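Structural features, examined
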Amino acid sequence: MSSSADERRHFSRIAFDSNVTLSQANNKWVATLIDLSLKGLLIEEPQSWQLDRSQTLDVAIVLNEDVTITMTVLWRHSENGQAGFECDHLDLDLSLIHI
């Protein structure tokens, strides 16, 4: 990332080595989470997924057996096998404490 992009970033990204579950309508996918911020997330794209890019997705990120971050996200970009999503809604009651 360029230094000018770093300067524009208002939310810090947190690197994770975790799986994320994405669901949309009757579809569900498991992907590897690359990083997470209050603004969105970046994942490795699951193989053979057919995503409706115009609709939101529900995301669950299990941090441990007691803590799950839940978000509603919108697809924003795909490149080199990675997909970026913008956070539309975050479960503020529990999730913000852990990010």
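Residues numbered from 1 in each chain as written. Predicted model: local features only at pLDDT ≥ 70, side-chain atom pairs only at ≥ 80, totals over all residues. Heavy atoms only, no water.

**Some words on the overall build of the chain**
- Helix and strand counts for the chain stand at 2 helices and 6 strands.
- A burial count over the chain gives 35% of its 99 residues as buried.
- Considering only residue pairs separated by 6 or more positions, the chain has 44% of its internal contacts joining residues 24 or more positions apart.
- Summed over all atoms, the accessible surface of the chain reaches about 6400 Å², with 42% contributed by carbon and sulfur. (Helix = DSSP H or I, 4+ residues; strand = E, 2+ residues; numbered from the N terminus. Buried < 20%, exposed > 50% of the residue type's maximum accessible area, 1.4 Å probe, protein only. Contact = heavy atoms within 4.5 Å. Areas by Shrake-Rupley, 256 points an atom, 1.4 Å probe, with all protein chains shown as cover.)

**Concerning the pairing of strand E3 (residues 40-44)**
- Counted residue by residue, E3 has 4 buried out of 5 residues, so it is predominantly covered.
- Of the pairings in the sheet, the one linking strand E2 (residues 27-36) to E3 comprises 4 bridges and is antiparallel in character. Counterpart to Leu33 in the pairing with E3 is Ile43.
- Counting the residues between successive antiparallel strands, the hairpin from E2 to E3 contains 3 residues. (Pairing = 2+ DSSP bridges.)

**Remarks on the confidence of the model for the chain**
- Taken over all residues, the pLDDT of the chain has a mean of 81, while the share at 70 or more is 75%.
- pLDDT under 50 marks residues 1-9. Its contacts with residues more than four places away, or in other chains, come to 3 contacts. (pLDDT = per-residue confidence, 0-100.)

**Topic: the packing of aromatic side chains**
- Enumeration according to the criterion identifies 2 aromatic pairs in this entry.
- Look at Trp29 and Trp49: their rings are 5.5 Å apart centre to centre, the planes differ by 90 degrees, and that puts the pair in the edge-to-face class. Here Trp29 is found in strand E2, whereas its partner Trp49 is found in the loop between E3 and strand E4 (57-64), with 20 residues between them in sequence. Across the pair, Trp49 and Trp29 agree in class, each one buried.
- Arranged with centres 6.3 Å apart and planes meeting at 75 degrees, the rings of Trp49 and Phe85 form a pair that is edge-to-face. Placement of Trp49 in the loop between E3 and E4 and of Phe85 in strand E6 (residues 82-90) is noted, with a sequence separation of 36 residues between them. Phe85 shares its class with Trp49; the two are buried. (Phe/Tyr/Trp six-rings, centres within 6.5 Å; stacked < 30°, edge-to-face > 60°.)

**Considering the environment of Leu36**
- Of note, Leu36 is situated in strand E2.
- In sequence terms Leu36 and Phe85 are 49 residues apart; their C-alpha atoms lie 9.7 Å from each other.

**Some thoughts on the side chain of Thr72**
- You can see Thr72 is positioned in strand E5 (residues 67-79).
- Relative accessible area serves as the criterion here: at 17%, Thr72 is assigned to the buried category.

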